[in-house]
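Given next are the chains, with one letter for each unit.
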Amino acid sequence: MTEYTSRGAADGTIARAPSAVSWSAVLGGAVVSASISLMLLAAGAGLGFTSISPWSNAGVTAATFGIAALLWLALVHLISAGAGGYLAGRLRTKRVGLHTDEVAFRDTAHGFMTWAVSAIVSAVLLASAASAVIGGTARLGANAASSLGSAVSGVASQAAGRVDLSNLDLSAYVTDTLFRADRPAPSSTDTAPARAEVGRIVAMSIRSGDMAPADKTYVASVIATQTGISPPDAEKRINDAIAKTKEAAAKAEQTARETADAARKGAASFALATFIAMLIGALASSYGATVGGRARDKAEA
């Protein structure tokens, strides 16, 4: 087993050689890289806010903005990592008597370590900001889902006589069926009880997916009695209302699926772009350290 040692001491003992890693140069380059990255990200955010607009036919499109953001992310990693790696390679202490290939390898390794430390530092510094962004996005998605559910529930409730489907009492529906009359009596003064009963029946039908024949016949008779139209016309109204409600619910579900799919594709694209940008940063930092090492050797020579 090979042991890397330095010259023997006066008492004959063997002293271990110091580490080949210059952590001061690595940390210095990492701090500079993280600072430049934050500065460029702030500049990119400012340019992004100036390029978009809430007004129609103003500002860049969403696709253009997304592509520009991904390109800017790659450029940020390229510039910041390259600068940090160059600084680490230039400030690294060179060991005398090493082969040229070993010097190049150590410079490259210092650049790669600089990128790794910078990535960790940036992740720590941006943790709170990322949490805020993710939390805001989650709250926005929850609000959108809640609004979408409210819209669907509102459409269904409108067709069901303003009955809240989420708080529908099954016992009230069963009780209504127990007190049904073969010929509902007309109520010219107050139609609220009839509307409420019909609303509960329609709400129960929407929940189950279709209206039972007995319920449809009864609702048609109630509508015919209250409005004075014929039972076939009343039944046609019921069919049209149920069809409109189902169509609105289908559209709402389709919109929710499209929104979720767009969010999935956006998250996948962002994750892949982040990976590519970080890979570019690692290569730029390693190469920058090599260039910095060459400049250091030239200055020492």
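Please read these numbers as outputs of a predicted model, since none were measured by experiment. (Residues numbered from 1 in each chain as written. Predicted model: local features only at pLDDT ≥ 70, side-chain atom pairs only at ≥ 80, totals over all residues. Heavy atoms only, no water.)

Caption draft 1: Summary view of the overall build of the protein chain. The helix and strand tally for the protein chain stands at eight helices and two strands. Going from N to C terminus, the protein chain has its helices and strands arranged as β-β-α-α-α-α-α-α-α-α. In the protein chain, buried positions account for 27% of the 301 residues. Taking as baseline every contact in the protein chain between residues at least 6 positions apart, the subset at least 24 positions apart corresponds to 73%. (Helix = DSSP H or I, 4+ residues; strand = E, 2+ residues; numbered from the N terminus. Buried < 20%, exposed > 50% of the residue type's maximum accessible area, 1.4 Å probe, protein only. Contact = heavy atoms within 4.5 Å.)

Caption draft 2: A look at the packing of helix α1 (residues 23–51) against helix α2 (residues 62–91). Contact geometry of α1 with α2 gives a least axis separation of 8 Å together with a crossing angle of 160°. Judged by the angle between their axes, α1 and α2 are roughly antiparallel. Handedness of the α1/α2 crossing: right-handed. For the contact of α1 with α2, the per-class residue count stands at 15 nonpolar, nine polar and no charged. (Axes fitted to C-alpha atoms, helices over the stretch in contact; angles between N-to-C directions. Parallel < 35°, antiparallel > 145°, perpendicular 65-115°, else oblique. Left-handed = near helix turned anticlockwise from the far one by under 90°. Nonpolar A, V, L, I, M, F, W, Y, C, P; charged D, E, K, R; others polar.)

Caption draft 3: Just the nonpolar core, in detail. Ranked by size, the top nonpolar core spans 14 residues in total, and within it M211, V219 and I238 carry the most contacts. Aside from chain neighbours lying at most four places away, what touches V219 is V198, I201 and I238. (Core = buried A, V, L, I, M, F, W, Y, C linked by side-chain atoms within 4.5 Å.)

Caption draft 4: Local environment of the packing of aromatic side chains. One pass over the structure, following the stated rule, counts one aromatic pair. When the centroid spacing of 5.4 Å and the interplanar angle of 40° are considered together, the rings of F112 and W115 count as tilted. With F112 and W115 both in helix α3 (residues 100–125), this residue pair falls three residues apart, about one helical turn. (Phe/Tyr/Trp six-rings, centres within 6.5 Å; stacked < 30°, edge-to-face > 60°.)

Caption draft 5: The arrangement of the confidence of the model for the protein chain in detail. In this model, the protein chain carries an average pLDDT of 75, and 67% of its residues clear a pLDDT of 70 or more. Mean pLDDT per element in the protein chain: strand β1 (residues 5–8) is the minimum at 46, and α2 is the maximum at 88. For the stretch residues 1–9, pLDDT sits under 50, and the model shows 11 contacts to residues farther than four places along the chain or on other chains. In this model residues 159–165 is a low-confidence stretch, pLDDT under 50, and it forms 21 contacts with partners more than four residues away in sequence or in other chains. (pLDDT = per-residue confidence, 0-100.)

Caption draft 6: Up close: the side chain of R106. Inspection of the secondary structure assignment puts R106 in helix α3. Here R106 falls in the buried class, since its relative accessible area comes to 18%. Polar contacts involving the side chain of R106 include one to the side chain of E102, which spans 2.9 Å. (Polar contact = N/O pair within 3.5 Å; in protein donor to acceptor, adjacent residues only side chain to side chain.)

Caption draft 7: Region of interest: helix α7 (residues 213–227). Helix length check: α7 (15 residues) gives 21 Å between terminal C-alpha atoms against 21 Å at 1.5 Å per residue, within 8%. All of the buried residues along α7 are D215, K216, Y218, V219, A220, S221, V222, I223 and A224. One or two positions beyond α7, positive phi appears at G228, with a value near 85°. (Expected span 1.5 Å × (residues − 1).)

Caption draft 8: A look at the pattern of salt bridges. By the definition in use, this model includes nine salt bridges. Measuring nitrogen to oxygen at the nearest pair gives 3.5 Å for the salt bridge that ties E247 to K251. Placement of both E247 and K251 in helix α8 (residues 231–300) is noted, with a separation of four residues, approximately one turn of the helix. By sharing partners, the salt bridges in this structure join R92, D107, R296 and D297 into a single network. (Salt bridge = Lys/Arg side-chain N within 4 Å of Asp/Glu carboxyl O.)

Caption draft 9: Structural view of helix α6 (residues 192–208). The first and last C-alpha atoms of α6 sit 24 Å apart over 17 residues, in line with the 24 Å expected at 1.5 Å per residue. Those residues of α6 that sit buried are A194, E197, V198, G199, I201, V202, A203, M204 and S205.

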